[in-house]
Structure formats: C-alpha cells, structure tokens
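# Working through the structure, step by step
Here's the letter readout for the chains.
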Amino acid sequence: DSNPSDIDFELGPVYETDVAPTGDGYVGVAEATAWLTVHVVSLAAWTAATEAQQEAALVEASDNIDSLPLKGCKYADDISQPRAFPRIPDRSGRTIGTDETNFQNETDYSEVPQEVKDACCLEALELLKQGATGGRTALREQGVKSYSIGGKLSETFVDASVPKLISRKARDKLRYWLAGMVEAV
C-alpha cells in the first residue's frame with residue numbers, strides 16, 4: 001500500500017546472511033569459517049569445499065562427537081535435546097560445600113561449551129581433508145592391517161579400536177568431557 005508508515009509484519013524470520021541455517025550441527029558454516037580462519041593455518045580443504053560440503057562435514061563432525069562415551073548427562077531430556085551437548089558434567093567425584101546448592105553457580109551448562117564447538121570445527125576440517133576415501137580410518141574400518149605404496153612407503157596398523165574422532169586436536173579439545181579420561185590436578 002502507499003502509506004510508508006504502515007508496517008508489514010509478514011516478513012518472517014530475518015537472517016543476517018539472507019540464508020536460514022540448514023544443518024543441525026553444533027556449529028554453522030559462518031561460525032566455523034570464522035573460528036578456523038583464526039585458529040588453523042592450512043584451510044585448503046575447507047575453502048575448496050562448497051558450503052553444502054562444509055555443512056555436511058559439520059553435521060558429521062557433530063555426529064562423531066555425539067557417538068563418544070561422554071561424562072555427565074544431557075542438560076535437557078532426549079526429546080527436546082537431540083544432541084549430546086549441552087550437558088551437565090558428572091560431579092560425583094567432587095566434594096560440594098554445604099553452601100553450594102546449585103552446581104550452576106560455577107558454570108552455566110545450558111549452552112554448548114566452546115571447546116565442543118572448537119572440536120566440531122577441527123573434526124569437520126579433518127573430514128574434508130580426508131575426502132571421500134576416508135584415509136587411514138577407512139582402511140582400518142575395512143580390516144586392512146598394512147599397506148605399501150610403490151615399495152618405498154609402508155604402514156602397519158596396530159590392532160586397536162578405531163577412534164571415533166579422526167582429528168586428534170578435536171579429541172584433545174574434548175578431554176574434559178570424555179568418559180575414561182582423568183582430569184589432572
């Protein structure tokens with residue numbers, strides 16, 4: 001209509017990038033790109049990937065994180081919180097003072113911790129680096145015990161369970177949350 005003072009309330013949600021978030025990972029593409037740019041030197045695999053491939057890698061990385069044995073329990077019930085984070089850490093091993101009635105006095109556990117978002121970015125980058133072949137992890141999952149390339153390079157795998165995260169840096173970021181890991185005092 002011709003009256004400029006009228007407000008049209010049928011705009012719907014407005015996104016700064018004009019693209020609605022599509023994935024259900026711990027981190028979106030824009031946030032991951034910003035974090036990786038600051039924290040990682042070699043981004044060739046990330047920048048060569050399409051936005052759809054980056055999003056898929058972030059969702060797969062989130063799935064990999066959720067498949068780990070984690071300490072604590074989900075912040076909300078399974079129905080309203082499909083992902084493993086946010087979560088409440090296991091505090092059974094810690095002494096709680098008599099004046100502490102709410103564990104959240106120390107930390108707000110209602111948000112996904114930054115170390116989980118960082119690990120998601122690192123794992124997604126590693127997934128893109130390995131590409132469709134899957135690298136060493138794929139070979140181990142297929143039962144390969146050793147391989148040789150042109151007689152000059154060979155590798156033999158130790159019989160051990162295949163790690164759930166292919167990025168060692170991502171696993172290091174999550175060490176506080178991993179079940180079976182002990183926090184050094």
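Quick summary incoming for the structure in this document. (Residues numbered from 1 in each chain as written. Predicted model: local features only at pLDDT ≥ 70, side-chain atom pairs only at ≥ 80, totals over all residues. Heavy atoms only, no water.)

## Considering the nonpolar core
Counting residues in each nonpolar core, the largest one holds 35 residues, and the members touching the most others are Tyr26, Trp46, Ile65 and Phe85. Broken down by secondary-structure element, the contributors of at least two residues to this core are helix H1 (29-39), helix H2 (44-48), helix H3 (51-66) and helix H4 (114-130). Element by element, the count of residues in this core is highest for H4, at nine residues. Setting aside residues no more than four positions away along its own chain, Tyr26 makes contact with Ser62, Ile65, Asp66, Arg83, Ala84, Phe85, Val112, Val116, Lys117 and Cys120. (Core = buried A, V, L, I, M, F, W, Y, C linked by side-chain atoms within 4.5 Å. Buried < 20%, exposed > 50% of the residue type's maximum accessible area, 1.4 Å probe, protein only. Helix = DSSP H or I, 4+ residues; strand = E, 2+ residues; numbered from the N terminus. Contact = heavy atoms within 4.5 Å.)

## Quick word on the side chain of Arg83
Assignment of secondary structure puts Arg83 in the loop between strand E1 (73-74) and strand E2 (87-88). Of note is the side chain of Arg83, whose polar atom sits 2.7 Å from the side chain of Asp66. Not counting the four nearest positions on each side in its chain, Arg83 is found in contact with Asp24, Gly25, Tyr26, Val59, Ser62, Asp63, Asp66 and Lys74. (Polar contact = N/O pair within 3.5 Å; in protein donor to acceptor, adjacent residues only side chain to side chain.)

## Some points on the pairing of strand E4 (residues 153-156)
Bridge count for strand E3 (residues 146-149) against E4 is four bridges, and the pairing is antiparallel. Its bridge partner lying in E4, Ile149 is registered against Leu153. Connecting E3 to the next strand, E4, in antiparallel fashion are three residues, including Gly150 with a positive phi near 60°. (Pairing = 2+ DSSP bridges.)

## Regarding the environment of Val29
For Val29, the position within the fold is in helix H1. In sequence terms Val29 and Leu58 are 29 residues apart; their C-alpha atoms lie 7.6 Å from each other.

## Brief notes about the packing of aromatic side chains
Inspection of every chain in the model, using the stated rule, returns four aromatic pairs. Seen in terms of ring centroids, Phe85 and Trp177 are 5.1 Å apart; in terms of plane orientation they differ by 90°. Their pairing is edge-to-face. Of this pair, Phe85 sits in the loop between E1 and E2 while Trp177 sits in the segment after helix H6 (168-173), and the two are 92 residues apart along the sequence. As far as burial versus exposure is concerned, Phe85 and Trp177 are alike and both buried. Between the aromatic rings of Tyr176 and Trp177, the centroid separation amounts to 5.0 Å while the plane-to-plane angle is 85°, which identifies the pairing as edge-to-face. The class for Tyr176 is partly exposed, based on a relative accessible area of 29%. By relative accessible area, which is 2% here, Trp177 ends up buried. Grouping aromatic residues by their ring pairs yields a cluster made of Tyr26, Phe85, Tyr109, Tyr176 and Trp177. Its guanidinium or amino end placed over the ring of Tyr176, Lys71 lies 5.7 Å from that ring's centre, counting from NZ or CZ. (Phe/Tyr/Trp six-rings, centres within 6.5 Å; stacked < 30°, edge-to-face > 60°. Lys NZ or Arg CZ within 6 Å of the ring centre and 35° of its normal.)

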